[in-house]
Amino acid sequence: MGILEGKRILVTGVLTEASFAFHVAKLAQQEGATVVLTGFGRMSLVERIAKRLPSPAPVVELDVTSTKQLDSLAARVGEYVDGLDGVVHSVGFAPQTALGGSFLETPFEDVATAVHASTYSLKSLTMATLPLMPGGGSVVGMDFDAQVAWPGYDWMGVAKAGLEATARYLAKYLGSQNIRVNLISAGPVKTMAARSIPGFSDFEGVWNDRAPLGWDLSDPEPGARGVVALLSDWFPKTTGEVIHVDGGVHAVGA
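Here the structure is a predicted model, which is why all the values come from computation and not from measurement.

### Some details on the packing of helix α1 (residues 20-30) against helix α9 (residues 221-231)
At a minimum axis separation of 8 Å, α1 and α9 run at an interaxial angle of 55°. Comparing their axes, α9 and α1 come out oblique. As α1 runs across α9, the sense of the crossing is right-handed. Residues Phe20, His23, Val24, Leu27 and Ala28 of α1 form the contact with α9, whose participating residues are Glu221, Gly223, Ala224, Arg225, Val227 and Val228. By residue class, the composition of the contact of α1 with α9 is 7 nonpolar, 2 polar and 2 charged.

Rendered as C-alpha cells:
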C-alpha cells in the first residue's frame, strides 16, 4: 500500500510531462491516490498529457482568477470523486513586464495580475474546494525561495513572498476544520513556466555551485516527492510550513 492509498487528490497546473504538477500527479497515483486534474487555456493539451499518467485522469477546466469557475469547481470535481483529501496549488503567472529586471518600471496593473494568479489564487482555490473536504485535508502549494531577491524574478518573487504569508493565514483560519496548508519551496527545474522567466539560466550556476546535496535542473521528482509526503497522513500536525526541497541552497551562503 502506498502512503496515499484511498486518497482523492486534485492537482492543478499540469501542462507538460516536465511540470512539477505532472510528477506530483504521477507519484500520487503510484502511492494509491485517485487524481483529478485541472487545466486552463490549452485544455486539449492537458487532456492529452493526462492520458500519459499511470492511470488516465479526468481534467476539469479552471482559471483560478475566474469567480464563476471557482464557484462551480466543487460541483464539477464532484462529478468524478465524492470528496477530496488533498489539493495541490501549482499555478502562477506574471506578465513579462513584471519579470526580467524591469521591477522599477512594472505598472501596478501587471503587478496585480501576478498577485491575483500566483498568490490570492491559493486562498481562492482552497475555499473553492473546502466543501469537498468536510473531514479535513491537506493543501500543498509550490513555492520558490522568497527569502532573498533573485535576478529577473522581480514581482513574481514578491508574489511568492505573499504566497508564503497566505499559506500561514490559511493555516491559522482553517486549522479548526483540520485543513493543513503547507508549501514546498523547490529548487529550479527547467519547466515551461521556468523558461518564460528572463535570466532563468542564471539560476543554474547558483544551484550547481551551492547545493550541498547537489541539484539536477532536469529532475522535478524531488519536489514532487515533497508534495506527496505533505499530502499524506505522515505530517498530521504540520501546517503553515515552508519545506525546502532545494538541495540545501537556502541554508548556505555563497
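### Some points on the nonpolar core
In this structure, Val11, Leu37, Ile184 and Val227 are the most contacted members of the largest nonpolar core, which totals 50 residues. Ranked by residue count, the leading element in this core is α1, at 7 residues. Setting aside anything within four residues of it in sequence, one finds Ile184 in contact with Val140, Gly141, Met142, Asp143, Gly223, Gly226, Val227, Leu230, Ile243 and Val245. Formed by 28 residues, the second largest nonpolar core is a distinct cluster that contains Leu130, Leu163, Leu174 and Val242.

### Structural notes on the UniProt feature "binding site: substrate" (unreviewed entry) in the chain
The feature "binding site: substrate" (unreviewed entry), as annotated in UniProt, sits at Ala94 in this numbering. Assignment of secondary structure puts Ala94 in the loop between β4 (86-89) and α5 (108-129). Contacts of Ala94, omitting those with residues within four sequence positions, involve Leu99, Ala114 and Met156.

### Structural notes on a nonpolar patch on the surface
A cluster of nonpolar side chains, contributed by Ile3, Trp234 and Phe235, occupies part of the molecular surface with about 340 Å² of accessible area. The topology assignment puts Phe235 in the loop between α9 and β7 (242-245).

### Considering the pairing of strand β2 (residues 34-39)
Counting buried positions along β2 yields 5 of 6 residues, so the element is predominantly enclosed. Since strand β1 (residues 8-11) and β2 lie parallel, the crossover through α1 that links them has a hand, and here it is right-handed. One ladder, built from 3 bridges, connects β2 with strand β3 (residues 59-61); its direction is parallel. If you follow Gly39 over to β3, its bridge partner there is Glu61. Read from β2 through helix α2 (residues 43-50) to β3, the crossover connection turns out right-handed.

### Concerning unusual backbone geometry
It is generally the case that most residues other than glycine have a negative phi and that most peptide bonds are trans. At Asp154, a position not held by glycine, the phi torsion is positive, near 45°. Taking relative accessible area as the criterion, Asp154 reaches 15% and is therefore assigned buried.

### A short note on the packing of aromatic side chains
Scanning the entire structure with this criterion turns up 5 aromatic pairs. Ring plane angle 50° and centroid distance 5.8 Å describe the contact between Phe144 and Trp150, whose orientation is recorded as tilted. The same class applies to Phe144 as to Trp150, namely buried. When the ring of Phe144 is compared with that of Trp207, the centres are 5.8 Å apart and the planes differ by 35°; the resulting orientation is tilted. Here Phe144, found in the loop between β5 (137-143) and α6 (154-174), pairs with Trp207, found in helix α8 (residues 201-210); they are 63 residues apart in sequence, far enough to count as distant.

### With respect to the sheet that holds β1
If you trace the 7 strands from one edge of the open sheet to the other, you get β3-β2-β1-β4-β5-β6-β7, paired in parallel fashion. Lying at the two open borders of the sheet, with one neighbouring strand each, are β3 and β7. Neighbour-to-neighbour, the strand axes of the sheet open up by a mean angle of 20°, direction not taken into account. Where β5 meets strand β6 (residues 179-186), 7 bridges bridge the pair, whose relative direction is parallel. Along β6, the bridge assignment pairs Asp143 with Ser185.

Conventions used here
In this convention, every chain numbers its residues from 1, walking through the sequence in written order. The predicted nature of this model means local features are confined to residues of pLDDT at least 70 and side-chain atom pairs, given and counted, to a pLDDT of 80 or more, with totals for whole chains, interfaces and linings taken over all residues. Note that water and hydrogens are dropped before the side-chain values are worked out from all heavy atoms of the structure. To obtain each axis, a line is fitted to C-alpha atoms, and for helices this fit is confined to the stretch in contact; angles are then taken between N-to-C directions over 0 to 180 degrees. In this description a helix means any DSSP run of H or I spanning at least four residues, a strand means any run of E spanning at least two, and both kinds are numbered starting from the N terminus. Orientation labels follow simple angle bins: below 35 degrees gives roughly parallel, above 145 gives roughly antiparallel, 65 to 115 gives roughly perpendicular, and whatever is left gives oblique. Crossings are sorted by hand: turned counterclockwise from the far helix by less than a right angle, the near helix makes the crossing left-handed, and turned clockwise it makes it right-handed. Only heavy atoms enter the contact rule, under which two residues are in contact if any of them lie within 4.5 Å. Gly is put with the polar residues, along with every residue not named as nonpolar or charged; the nonpolar set is Ala, Val, Leu, Ile, Met, Phe, Trp, Tyr, Cys and Pro, and the charged set is Asp, Glu, Lys and Arg. Here the nonpolar core consists of buried residues drawn from Ala, Val, Leu, Ile, Met, Phe, Trp, Tyr and Cys, with membership extended through side-chain atoms lying within 4.5 Å. Three exposure classes are used, based on accessible area relative to the maximum for each residue type with a 1.4 Å probe and protein chains only: buried under 20%, partly exposed in between, and exposed over 50%. UniProt positions are given in the numbering used here, feature names are shortened, and annotations may be inferred rather than shown by experiment. Patch members must show over 30% relative accessible area and no salt bridge, and they are joined within 9 Å when carrying like charges or within 5 Å when they are nonpolar side chains of Val, Leu, Ile, Met, Phe, Trp or Tyr. Using a 1.4 Å probe, the Shrake-Rupley method yields the accessible areas, and only the shown protein chains count as cover for residues. When a carboxyl oxygen of Asp or Glu lies within 4 Å of a side-chain nitrogen of Lys or Arg, that pair is called a salt bridge. With the strands pointing away from the viewer, any crossover whose connection runs clockwise from the first strand over the helix to the second is right-handed. Pairs of strands are assigned from DSSP output, requiring at least two bridges between the strands. Each Phe, Tyr or Trp ring (for Trp, its six-membered ring) is paired with any other whose centre lies within 6.5 Å, and the angle between the two planes then decides the class: stacked below 30 degrees, edge-to-face above 60, tilted in between.

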